[in-house]
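Chain by chain, the residues:
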Amino acid sequence: MTRPFVRMNGAGNDFVVVNALETPFTPTAEQARAIADRETGQGCDQLIAIEPSDRADAFMRVWNADGGQVETCGNALRCVGWLLMESTGKDSVVIDTLGGPTTATRAGDHRVKVDMGAPGLDWTQVPLAEEMDTRGIELQVGPIDAPNLHTPGAVSMGNPHVVFFTDRQDDAFVRGSGSLVEDHPLFPQGVNVGFANVLAPDRIRLRVWERGAGLTKACGTGACAALVATARRGLTGRHAVIEVDGGELEIDWDEASGHVFMTGPVEVEGVGTLAV
């Protein structure tokens, strides 16, 4: 069976997007892994299916590069939102996900603003395996008397995140520490691991080790989690530009609604056909 797809990226975080509004698309974990493989498949951080929804404009299903389904993906929400707005002529669409519904709105040429909802700040929402203050949880990496990383913030953005405050962001350090923390017993669902270097009260340099995907050029929910975690510690305000490997994302944590808004670019790289 063959299926057409669109290749897209949001600030470098790249996707293979399949239209499943009329014909179901149900790859196995093994098939999703094969499609995401950069050596032998199409190669992507996430595989995305746009499915029908009875409570939104569409439902977005997400598979990580390891073949596992995850709740949501911030950068993919912008891409899917842009596709839906282009096809319908609307300036705003609602996209449902396993992490809940999200509204995407036009924010300029190939720019989309997404309402990511209110962050989950209670330990049960992240979720953690035991009760802790999520502003700074009891977790460290490295020697007990001189840890390389410690006391990160924990946030749910529809998926679990932990954010370390550090200026150590080289590939080896992020890969080594991220892979250690991703499956730590403290996180029963695994966790996305952010490394946030606060450059100014309104600017953060961020690298993210994504659960099931590894080191990516951008992680939208990770950028949202980084802003929430740094703001809760008083390291930034409630608005910041997040510098990721693939570009910049604007994150606002609105005081009135409590919702986090993410604005960033959308790029269409091309189209192709999958053999599934």
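Student: Got a minute to help me understand helix H1 (residues 29-36) in this structure?
Tutor: For an α-helix, 3.6 residues make a turn, and residues three or four places apart therefore share a direction. Residues of H1 that are buried: Ala 32, Ile 35 and Ala 36. Summarising the axial view, the buried residues of H1 lie within an arc of 95°, below the 170-degree limit, and thus occupy one face. Where the residues of H1 are buried, they touch strand S2 (13-19), strand S3 (46-51), strand S4 (58-64) and strand S19 (267-275).

Student: Looking at this structure, I do not really get the nonpolar core. What am I missing?
Tutor: Taken as a class, soluble globular proteins show a tendency for nonpolar side chains to be buried jointly. Core analysis: the biggest nonpolar cluster contains 51 residues, and Met 60, Ile 242 and Ile 251 have the highest contact counts within it. Contacts of Ile 251, omitting those with residues within four sequence positions, involve Ala 223, Cys 224, Leu 227, Arg 238, His 239, Ala 240, Ile 242, Val 260, Phe 261 and Met 262. Formed by 20 residues, the second largest nonpolar core is a distinct cluster that contains Met 132, Ala 154, Phe 164 and Trp 209.

Student: So what exactly am I meant to see when it comes to the pattern of salt bridges here?
Tutor: Proximity of charged atoms lets side chains of opposite charge pair with each other. If you walk through the whole model with that rule in mind, you get 17 salt bridges. Of the charged contacts, one joins Glu 71 and Arg 211 as a salt bridge, the two residues approaching to 2.7 Å between their closest N and O atoms. Of this pair, Glu 71 sits in the loop between strand S5 (69-70) and helix H2 (74-88) while Arg 211 sits in the loop between strand S14 (203-210) and strand S15 (214-216), placing them 140 residues apart in sequence. A residue is classified by how much of its surface remains accessible, and Arg 211, at 11% relative accessible area, is buried. Each member of the salt-bridge network shares a partner with another, and the members are Asp 171, Arg 175, Arg 205, Arg 207 and Asp 245.

Procedures and definitions
Residues numbered from 1 in each chain as written. Predicted model: local features only at pLDDT ≥ 70, side-chain atom pairs only at ≥ 80, totals over all residues. Heavy atoms only, no water. Buried < 20%, exposed > 50% of the residue type's maximum accessible area, 1.4 Å probe, protein only. Helix = DSSP H or I, 4+ residues; strand = E, 2+ residues; numbered from the N terminus. Arc of directions from axis to C-beta. Contact = heavy atoms within 4.5 Å. Core = buried A, V, L, I, M, F, W, Y, C linked by side-chain atoms within 4.5 Å. Salt bridge = Lys/Arg side-chain N within 4 Å of Asp/Glu carboxyl O.

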